[in-house]
Structures are given as C-alpha cells and as structure tokens.
Amino acid sequence: MPDWKPEIRKRLADVPLAPLRERAIVEELSQYLDDCYEELLGGGAVAKEAYEQTLAELRGSELLARELRRAERRGAPELIVFGTHRRTIMLSDLWQDLRFGARMLAKQPGFTLIAVITLALGIGANTTIFSMMESVILHPFSFPHQERLVMIYERLLGTGRERSLVTPATLRDWREQSREFEQFATTIFDDFTLTGGERPEQLSGYRVSAEFFGTLGVQPLLGRTFQPGEDSLGREQVVVLKHSLWERLFAADPKILGQTIKLDSKTYTVIGVMPREFNFPHFGGELWIPWVLLPADAQNRENHSLRVIGLLKPGVSRARGEAEIRALSLRAQQQYPATNRDVEAYTVGFNEDQTRGSRTYLSFTLGAVMFVLLIACANVANLLLARGAARQKELAVRMALGAGSGRVIRQLLTESLLLALAGGVLGLGFSVWGVMALANGIPQGFAKFIPGWERLGINAWAFGFTALASLATGILCGLLPAWQATGSDFNDTLKDGGKGAASGARNRWRSALVVAEVALSLVLLIGAGLVIRSFVKILNTELGFNPDNAMAMYLALPQGRYVQPHERFNLYHELAQRVAALPGVAAVGLTSGVPPGGWVRGSFQIVGQPTASPTRQPASGVLVTSPGYFAAVGTPLRAGRLFNDRDGANAPRVVLVNEALARRYFPDLSAIGQRLMLDEGLPYEIVGIVGNTMNVDLDDVAEPVIYQSLAQRPLQYVSLVVRGQSNALANALANALANALTDPSGKESVTQLTGAIRRELAALDAALPMSESKTLREGYRERSSPKRVITVLLGIFALLALVMATVGLYAVMSFAVAQRTHELGLRMALGAQARDIFRFVVKQGLRLIGLGIGLGLLGAYAVTRLLSRVLYGVTATDALTYAVVAALLLVTALTACVVPAWRATQVDPLIALRHE
Amino acid sequence: MSHINSQKFDRELKKGGAELLVLSLLEARPRHGYEVRKLIETRSDGVLKFNAASLYPLLYRLEKRGWIEGKWVEKAGQRRRRYYKLTKDGKKVLSAQRSIWQSFVAAINRVTGLEGA
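The written sequence of each chain sets the order in which its residues are numbered from 1. Whichever chain is written first is A, and whichever ligand is written first is 1; the rest continue in order. With the structure being a predicted model, the display of local features is reserved for residues of pLDDT at least 70 and the display and counting of side-chain atom pairs for 80 or more, all residues being used for whole-chain, interface and lining totals.

Draft legend 1. Inspection of the overall build of chain B at higher detail. Across its full length, chain B holds five helices and three strands. For every residue, the other C-beta atoms within 10 Å of its own C-beta are counted; 20 or more classify it as buried, 12 or fewer as exposed, and values in between as partly exposed. C-beta atoms are placed from the backbone. Looking at the 117 residues of chain B, the share that counts as buried comes to 32%. A pair of residues counts as a contact when their C-beta atoms, built from backbone coordinates, are within 7 Å of each other. Looking at chain B alone, contacts between residues at least 24 apart form 52% of all its contacts between residues at least 6 apart. By the criteria applied, helices consist of DSSP H or I runs no shorter than four residues and strands consist of E runs no shorter than two, each listed in order from the N terminus.

Draft legend 2. Main features of the overall build of chain A. Counting its regular elements, chain A contains 28 helices and 22 strands. Counting across all 916 residues of chain A, residues that qualify as buried make up 43%. Considering only residue pairs separated by 6 or more positions, chain A has 82% of its internal contacts joining residues 24 or more positions apart.

Draft legend 3. Quick look at the environment of P168 of chain A. Residues and elements named next belong to chain A. Looking at where P168 falls in the secondary structure, it is placed in helix α7 (residues 168-177). Measuring from C-alpha to C-alpha, the distance between P168 and N303 comes to 7.4 Å, with 135 residues separating the pair along the chain. In contact with P168, other than residues within four places in its own chain, are L293, D297, A298, N300, N303 and L306.

Draft legend 4. Quick peek at the interface of chain B and chain A. Residue-level contacts link 18 residues of chain B with 22 residues of chain A. Mapped by element, the contributors of at least two residues to the side of chain B that touches chain A are α1 (6-14), α3 (33-43), α4 (52-65) and β3 (81-86) of chain B. Ranked by residues supplied to the side of chain B that touches chain A, first place goes to α4 of chain B with nine residues.

Draft legend 5. Spatial organisation of the nonpolar core. Residue and element names in this part refer to chain A. Buried Ala, Val, Leu, Ile, Met, Phe, Trp, Tyr and Cys residues whose C-beta atoms connect them within 7 Å together make up a nonpolar core. Judged by nonpolar contacts, the single largest core of 170 residues is most densely connected at V372, V518, F797 and A801. Looking at this core element by element, the count peaks at 20 residues for helix α13 (residues 356-400). Once residues within four sequence positions are removed from consideration, F797 is found in contact with A125, A368, V369, V372, L524 and A528. Residues L194, F213, V270 and L311 belong to the second largest nonpolar core, which totals 49 residues.

Draft legend 6. Quick look at the pairing of strand β21 (residues 717-724) of chain A. All names here are of chain A. Counting buried residues in β21 gives seven out of eight residues, a clear majority hidden from the surface. As paired elements, strand β12 (residues 550-556) and β21 share seven bridges and run antiparallel to each other. Looking at the pairing, L555 lines up with V718 of β21. For strand β13 (residues 585-591) and β21, the ladder comprises six bridges, and the chain directions are antiparallel. Each bridged residue has a counterpart across the sheet, and for V588 the counterpart in β21 is V722. Should DSSP find at least two bridges between two strands, the strands are taken to pair.

Draft legend 7. Molecular detail of the environment of L438 of chain A. Turning to its location among the elements, L438 of chain A is positioned in helix α14 (residues 405-441). On the basis of neighbour counts, which here come to 20 C-beta atoms within 10 Å, the residue L438 of chain A falls in the buried class.

Draft legend 8. Representation of the sheet that holds strand β1 (residues 31-32) of chain B. All names here are of chain B. The strand order β1-β3-β2 describes an open sheet built from three strands, whose pairing is antiparallel. Strands with a single pairing partner mark the edges of an open sheet, and in this sheet they are β1 and β2 (68-73). By the bridge criterion, six bridges tie β2 to β3 in an arrangement that is antiparallel. When the bridges of β3 are listed, G70 appears paired with Y84.

Draft legend 9. Representation of the pairing of β12 of chain A in the model. Residue and element names in this part refer to chain A. Burial runs high along β12: six of the seven residues are buried. In the sheet, β12 pairs with strand β22 (residues 774-775) via two bridges, with the strands oriented antiparallel. The residue of β22 that forms the bridge with A552 is K774.

Draft legend 10. Summary view of the confidence of the model for chain B. For chain B, per-residue confidence averages 78 on the pLDDT scale, and 83% of positions sit at 70 or higher. Here the prediction assigns the complex a pTM of 0.66, and the interface score ipTM is 0.84. The pLDDT score gives, residue by residue, the confidence of the prediction method on a 0 to 100 scale.

Draft legend 11. Molecular detail of the packing of helix α2 (residues 17-28) of chain B against α4 of chain B. All names here are of chain B. Here α2 crosses α4 at 75°, and the two axes come no closer than 11 Å. When the axis of α2 is compared with that of α4, the two are roughly perpendicular. For the pair formed by α2 and α4, the contact residues are A18, E19 and V22 on the first element and L58, L59 and L62 on the second. Note that Gly is not counted as nonpolar here; it falls among the polar residues with everything else outside the nonpolar set of Ala, Val, Leu, Ile, Met, Phe, Trp, Tyr, Cys and Pro and the charged set of Asp, Glu, Lys and Arg. For the contact of α2 with α4, the per-class residue count stands at five nonpolar, no polar and one charged. Simply put, an axis is a line fit to the C-alpha atoms, just over the touching stretch for a helix, and the angle between two N-to-C directions goes from 0 to 180 degrees. Any angle from 65 to 115 degrees is called roughly perpendicular, while one under 35 is roughly parallel, one over 145 is roughly antiparallel, and all others are oblique.

This is the structure we're talking about:
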C-alpha cells in the first residue's frame, strides 16, 4: 500500500493548521485514498493505474486547501487547548474578545469616536449630577451614627405651621421620659459681638446643649468639646471655634487653646477647634457656646425656640422613636391643654431634614440626566445596529464556522463594553469639569447654607458610580444589537447578503429606538422649556424692590448694652442720619431683614373679629423698618402713608401692610384704619398699604406682610440699607454699587462707602460691630442661584438630548436610504421623479418623528408635574411651552431627514440597479 | 446520460445541492467519508461524482456549522475511522433544504415542461 501522507501533506503545506488537526486530516484523507486504491485494485486495475487514479482524487486540492484555511482559522485554538481548565479557556476567550474588539473599533475610528463621545456626554452628565447628589443628599455629613439621628419638630395644628421648633419644657419632658432615645441635643442660632481685636466683629454662632457634639459623634481637631454640666450657669463661658474662624481671626494659631475671647462683653475660654469639614448647623455660624436653660424658662411651653436633634439608642428603629415622640406629645396635650392642645411633635430623618432644600431640585435633575444617558444609549445602540448590519456577513460566517451564538453575543457585548468604558473614562474627565462648573454656580455666600456643598467633588463614590454606569451602559446599548445579530438565520444571511427578514426586524428596532429618542428628548425639552420660562418669569417679575444701586450692612448690639429701647432707637436714628449725609447716598433705611423676603413669621388678629385660639390665628411675615426703608429698597406706597418721625415710641401704635394682606383680609381695600392685634398682644392701626415684595424662595410675590415701625419696636439688631444717588454726580458710585459683583473697581468704591459708614458708626460707638456690606443684587443673585443652576443644567441636558436625537434620526434615515438604494433606483427607473423620492423619504422620517412627538407629549404630560414645585408663573402643562418645544423638535428632526432625502434623489438608477 | 463534470458540480456545490446530498446520506446512520462518496456515486448511477478534494471541504464545512459531527471510531481489528453523524441542527437544515429543493425541482419541471413526462 503506497504511503499517501507525503502527497497529502504537500497539498496542505500552505494551510496554517494546528499540528494535531493536520495529523487528523492527513490520517482521514489517507484512509480514504487507501479505500479508493484497494477498490481500484479489486476492480482489476494494475498498481500503477490504481495509484494514479487514486492520486487524481486529490485533483483540485486548492479547493481543499482554501476551504480548510477558511474553516480552521478560528477553530484552531480551541482544538489545541488540552486539559486546560475551563476558566482559563474563558479567560483566554475574554482576552481574545478584548483584543479583537479593540481591533474592530480601531478599524472604524469615526464610528468609535462618535459612540465614545456620545456615551461620554451621557455618562459624564450622570457622574456630575451623581457627585452633586452624593455630596448634598446621600452623604452631606459624615457623622458616625447618622442613621440613629433624627430631627424633632412640632406641628402647630390649625396654623399651617408644620416645622415649628420645640419649647424648653417639652424638651425637658422628653429628656426625663424617653426610653428609646439615648440623648437629645439642641441648638439655637445667635449673633455675637467679638471685641478685643482691631475693630469689633459681628459673628454668628450657636448656643448648643452640652450633648451636642456627643450626639453627632464628632471629635474636635484641637482640644475638647463640651462636658456634661458645662451648660449650667457659672461654667458656660467656654467656646469651640469653627475651623474657618480659627484661620481667619487667629491665623490658625495652634496655641489658641486656653486663650480667652470676648463675646458680647463676656469672657469665654477657647477649649476646642473643630475640623475643617465640620459645619453644622448650616446657618453660617462660626462658633459654639453652651446653651444654658434658665430656671425661669424650664417651664416654658410657649416659646418654640429650640432646634432638637435626637439620638436613638442603638438598635431602635426610627419608627419606634417616632411612635414614642408622638405618645409623649399626646400625653402633653392632655396634661397641658392650655399650651399643648394643638401641638403635635414628630420626627424627621436627619439627612432627609437637612437635605430637603436640595432634594426638590435634585430629584428631577437626576431624572433629566438619566434621560440623557438613555438617549445616548439609544443612539449608540442605533449605531451598533447599523454596524451590525454591515457586519452581518462576518458574523454569519463566524457562526457558520461553529461559533456558538453565546460566543458571538459575548464578542459583541465586549465591543460595546469597550466603547462604554472608553466613554466612562472620557465622561469622568467631562464630569471633573462639570463639577467644577457646578461648584462655581452657587455663590460662596449661599453655598455655606447647603449642607454638603463644600464636599462637592469627584470622589470614590463618583468613581464607583461611573464604573457601574459604564458597565450598565455597555450592556444596555450592546444587548439589542448583539441579540439582533445572532437571532437571525445566518444561512439566509450567507445566501442573500443580508437583506432578509432579519434586516427588516433590525430596521424596525432602529426605528423604535429613534422614536424612543425623539420621545425622551421631547420630555426633556419640555421640562427644560418650562423651567426656563419660569426662570425668565422670575427675572422679569416685579420684585417689589429695586436690587440695583443699593447695599446692606448688618449691625447687632452686644448683649447687655443699649438695654433701654430708646437708647437703641437713638443710636439707630443717629446712625441713619449720619450715613444719609455721606456724599453719594440717596436714601438710608433700617430694617429687621433685607429683601428678597427678610421677614420673620408672625401671627395677628383683626380687632373686632371673633378671637381665634393663639395657634389658629392668621399668619404673616413681620418686618420692622424705619421711615426711610421704603425709599432705600424701592418698595412703593399704594395707599395711606408711610411711617414718619412722629410714629415714635409714645405715639399711637401703627403698622403698614402689603397689598397681599390687605386684599386677603380686607377685600374692599378698607384696610386703612383697621386695627391688628400682633403677637405681643397690642393693637396696631393700619396707616398705609405698600407694594408686595418677592419672598426669599423667589416663588411668591404675594405673601402677606406686616411692617412695624422701628421707633416703636427698636430691636437688638438691624440692617442698614443704603441706596446710592443715581444722578450724574453720583453715577460713579451708583455704577460701583450696581456692578459690585463683576467690576473690581466698583468693589473698591463699595469698600470706600463701607469704610465711611464704619467710621460714622465708630464715631457713635467704637465698640459696635458691623458686618461686611452686600449689595441687594448680590443677595438676590445668591438666592436665585439654585434656580439659575437648575435652569442652566436642564437647558444643557435638553440641548444634548436634542442634538443626540437629531444625530440618531439622521443616522437612521441615511442608513435606510443607503440600504434601499436598489429600490429607489428601481422606482426612478420606473418613472418616479426626484420630488417623489424626496417626499417618500421625508415622509418616512416624519412618521418616526410624529410617533416620537406623540409619545413624548404624553410622557411630558405625565412627568412634568414633578416640576410644579419649582415652577413660577407657569403651569406644568403650559400649552404654549408644549407647542413651541414640539415644533422646535419637529423642525430640527425634519432637517435631519432632508440631507438623506436629498441624497436619495441623487441616486443614479443605472448604478443602483447594478448595485447588487 | 453523461455525468456532470466536476468543475460545474463544484459550482452547484455552493448552491446547496451537495450539502443536501451529504446530509441526506447521513440521515439514516453515521458514515465515513469514502462511504459517502461511494453512495453518492452508486445511487446516482455514476452521474454525480465527488473526489476527496471536493468532498472533504464540504464535510468540514458542514461540521463547522454544527450540522454534522465527525467522530473517530475504533472497531476491533480495524484501523480507527472518522464517522460523520447528522446533528439536531443538521436535521432541521436537511428538512428545510429538502423542501426548498423539491419546490426548485418542481419549478424547473414546470418551466421546462417536464412535469409528468
């Protein structure tokens, strides 16, 4: 028997076969040739004849070589892996997938770049918002047993006051009777005058119970915090400094411990300095001193003045704590009906309470940014589907060659994961920038009131989030294309070149994705449209005061000085007169609070109407002002008169009310001459009605407000509002005041004026502190900054969505046109005009857009209600916004169809028909 | 009737006819390569002929697709041989191809007027 093997090997020489595989093939073929040879011999052929005829079996062996080369290319590694562990195979597969995926992506840099940037924008936006959420909502504080902390408030039934503070006697009850709480801490915000330095300094701080730091579980940076018993008279003259105050006033002197400082003329010993990140409560205070419960106050059940933090015992749930507080509150209602009948205590989770301001804004920002990521995913899925179509043949061959569908899906998912990972890395870069931009979006003066804002940054959480988001994104945008690619019958694909039922299904998916993209972007655009309209409305709303060309400074009199009301009034009056005489000053007013808002809550009764129980009286804002205040802030008089110098301490008591109050309680504008009983139990006559002013949250211009005369109620503190002259002579100053934020030279003029005012005050009393000045415009900007940030964010997100949806639509239409070149050519050959073709393609696009817009409108209707809490002057279902935004999207999307449609009309029928 | 020359047949191969032949022959029981070749030749009365160079690429291709499965089988006193067996997928493909082929043949017959001839 001849040895066929050399002959066979010769013919397989240039086929790269694994040795084992080659041996098997050679053996098999040689057996075949043996059979053949034997049969020929058996049939009577001579050896030579039989040999030659048998060798003829190998004729055309280039076919064999070619087929083998094709067949063995991918299979080889799997065949030669002997006895290896399954896991190593999977690892080597993964490595192979990664390398192959990277190669495929590198081969199409255009596609890869677009996909990566799209995903980076989506992921980056999400990381940015997540970082903000992480800092201000999830982890605004890092107190060790945060989950055991609750805030406790009292609800004053019938007055609408939901978050009233707690009375001293109630706190004492809880301390004595509670079993579920380890301890209760309390804080009171207060102003202090620090003396002993160059000039007296106005400081904010907190009086806190001795348990305060222990309840939060925080440790000082230097020294110690309060010990039990230090909140009793005689031991209370100790102070803990905030890090910023320690740096600012004491140059971070490490030997500060044991030194004394003078607050409100009393001497306090510095016993500790808190770490830089400790900023609680969030009211801008810079020091903590013990709060002393005076025996006289211990029985007080009417003065709701204490902010109470409860620390639950370990293992006690919030629900149990809540139940106990409610039970104690019920007991007090029965025991002390006179004061507690309508008082109901309740708990709020610590984080939930501290972050409730940010929550409103962040919830829908997060929603919006997720929409952006979804749209990005849809877009990339679309790109992958289009590419999948182009690769259909490659995939079919691979499956024909024995790759299981699981293996192919894994390969495709690896590719989309690679894209998403690259997108994640780039996105992280975007978000570093984004977070910086965000941090700058809120002015310092306001940021200190937002818990956690100072921690804003990209941290480990953000990294983790980005990694997870990238992973999810990769799977989300890769799954559909992968499933699509393997779900079709590769046999069909190999036969008809990828135009079978599978491509039809794929087109349907692509269309569905585009419809989803259009719908999602519309929801986002409408949301953004509403917020932008509302913000523009706020900007255009009559504020009720004129923020330009005016500034304010704050003065609080030290405790124990100016004890007599007339002393205080004389001081204020003299100061106002001196400042009014300064060059460039047009008007000077004194007030208990500076607009926007600025008032405190109070209640009143209308004299002559049936008396309501103290907790059921109508509520209003209360502001105490001097006669000059209205001219200084620019609030107009509507009826009656303003205060004047005759409304002194001994004159008949008078008040002004704003239009909102007058309208609500005296419908026929008969308010003037009516009398109001205020909280202190004295009647005041309404002598004038002034315009409404914007409240502090910038969402209502019509809160009822009562103005009392400073002469009749000289407070211990006051803000000085100074308006610059706006005539030609004083223009420089006026500009300086108006542009203080942007213009450094203006800042200088303001500083000059501030200095002049300080000198006037020092001439009156050198021991009195006065705060830095702030223009009313600055204050307004700070207050409006959250709304501004949200508006800008939503605007950016909506724009991103619009661009992505447009690009997605463009891609789908272009692809559809390219795929149907043959059909279009046929139509043209059969006499269709360019115009018809154009219309045909645009109509197709229009169907997708129309469907998307329809769904988007429904979605927007359902979703934008969430926005109603932050909208001002626009309803969540504002028809104009819906219509304009839908039209905008329609036009943009149609533009995306025009180019492919035009391209379709350029199809040369001859070429198109030959295209096959 | 002269037999179709192998170059033309190679072309036919691509169109699936050859696949159909091989799959059909493996339907009843597993066979080795030479057996397949002989069966095609004898059952077609010598009209259809394969040689090793055209048969084996086909077998390997079908195997790669998972339609057939080759296995070395050792029988006592014989050299080991590679037997090919129809897989589950292969059975599905076979029945699909059969019906396509039948309708193709029927169509040709109708067109060429051979029907019922």
